[in-house]
Amino acid sequence: MVSLGWDGAVTIVVLVLGLIVMMGDWMAPHLTFTLMVGVLMAATVIDTRAGASGFSNTGVLTVVILYSVAEGVSQTGGLDRLMSRVLGTTATSGRAAMIRMMLPVAVSSAFLNNTPIVALMIPILISWGRRCNVSPKQLLIPLSYASIFGGTTTLIGTSTNLVIAGLQSRRYSGTENATFNFFDITPYGLP
């Protein structure tokens, strides 16, 4: 039998407690993970450098900044007004509403991260669907698909692209293939 040592036991306890907190939905996941890393750093299971290393990835930092930009757009109501103009006030059917919604969402997701776009668009689409007598159920999965499609066409479109770009930059620094440009993945993201 393998002995874990005190640091292994602390890590398992922190992970189990973190999972219980998240299953109970008692705290937001980002706060739970931050608290878990903090406890592991305080217990000297991991050092400060290892605990903060995830925040040094440019992909993670870019996602944080994009959330701030998306929240600013949401707070100003600019996206509501823009989407009201783009979506219009009527839709003849659920299919017409879905088609009308997908293109602007895909384009938005290419230039802002797709996760905050979905978070911002859910309340807009629910209220728009109600105004147009279209069930929100017919709009939410297509919203997700459109945002994923748009997100795969640029570097900042998805968190995954940003993280991979950061890892590649670190691993291959000093070579010509060290960085992705904004549209380098577009040929692979488009069908």
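Each remark here, short or long, concerns the structure printed above.
Structure report, in brief. These figures come from a predicted structure and were not determined experimentally.

## Considering the side chain of Thr 153
Within the secondary structure, Thr 153 is located in the loop between α8 (137–151) and α9 (159–171). Under the relative-accessibility criterion, Thr 153 is labelled buried at 9%. Separated by 2.6 Å, the side chain of Thr 153 and the backbone oxygen of Gly 150 make a polar contact. Once residues lying within four places of it in the same chain are set aside, the contact partners of Thr 153 are Ala 110, Phe 183, Ile 185, Thr 186, Gly 189 and Leu 190.

## As for the packing of aromatic side chains
One pass over the structure, following the stated rule, counts three aromatic pairs. Centroid distance Phe 111 to Phe 183: 6.3 Å. Interplanar angle 75°. Geometry classified as edge-to-face. Placement of the pair is Phe 111 in helix α6 (residues 94–111) and Phe 183 in the loop between α9 and α10 (186–189), with a sequence separation of 72 residues.

## With respect to the environment of Phe 111
For Phe 111, a relative accessible area of 46% puts it in the partly exposed group. Look past the residues within four positions of Phe 111 in its chain and what remains in contact with it is Ile 156, Phe 182 and Phe 183.

## Points about the nonpolar core
Grouped together as the largest cluster of nonpolar side chains are 17 residues, with contacts concentrated most on Val 105, Met 121, Leu 125 and Trp 128. For this core, the secondary-structure elements that each account for two or more residues are α5 (78–87), α6, α7 (114–131) and α8. The element that contributes the greatest number of residues to this core is α7, accounting for six residues. If we skip the residues at most four places from it in the chain, Met 121 touches Leu 79, Met 83, Val 105 and Leu 143.

Cut-off values and rules
Residues numbered from 1 in each chain as written. Predicted model: local features only at pLDDT ≥ 70, side-chain atom pairs only at ≥ 80, totals over all residues. Heavy atoms only, no water. Helix = DSSP H or I, 4+ residues; strand = E, 2+ residues; numbered from the N terminus. Buried < 20%, exposed > 50% of the residue type's maximum accessible area, 1.4 Å probe, protein only. Polar contact = N/O pair within 3.5 Å; in protein donor to acceptor, adjacent residues only side chain to side chain. Contact = heavy atoms within 4.5 Å. Phe/Tyr/Trp six-rings, centres within 6.5 Å; stacked < 30°, edge-to-face > 60°. Core = buried A, V, L, I, M, F, W, Y, C linked by side-chain atoms within 4.5 Å.

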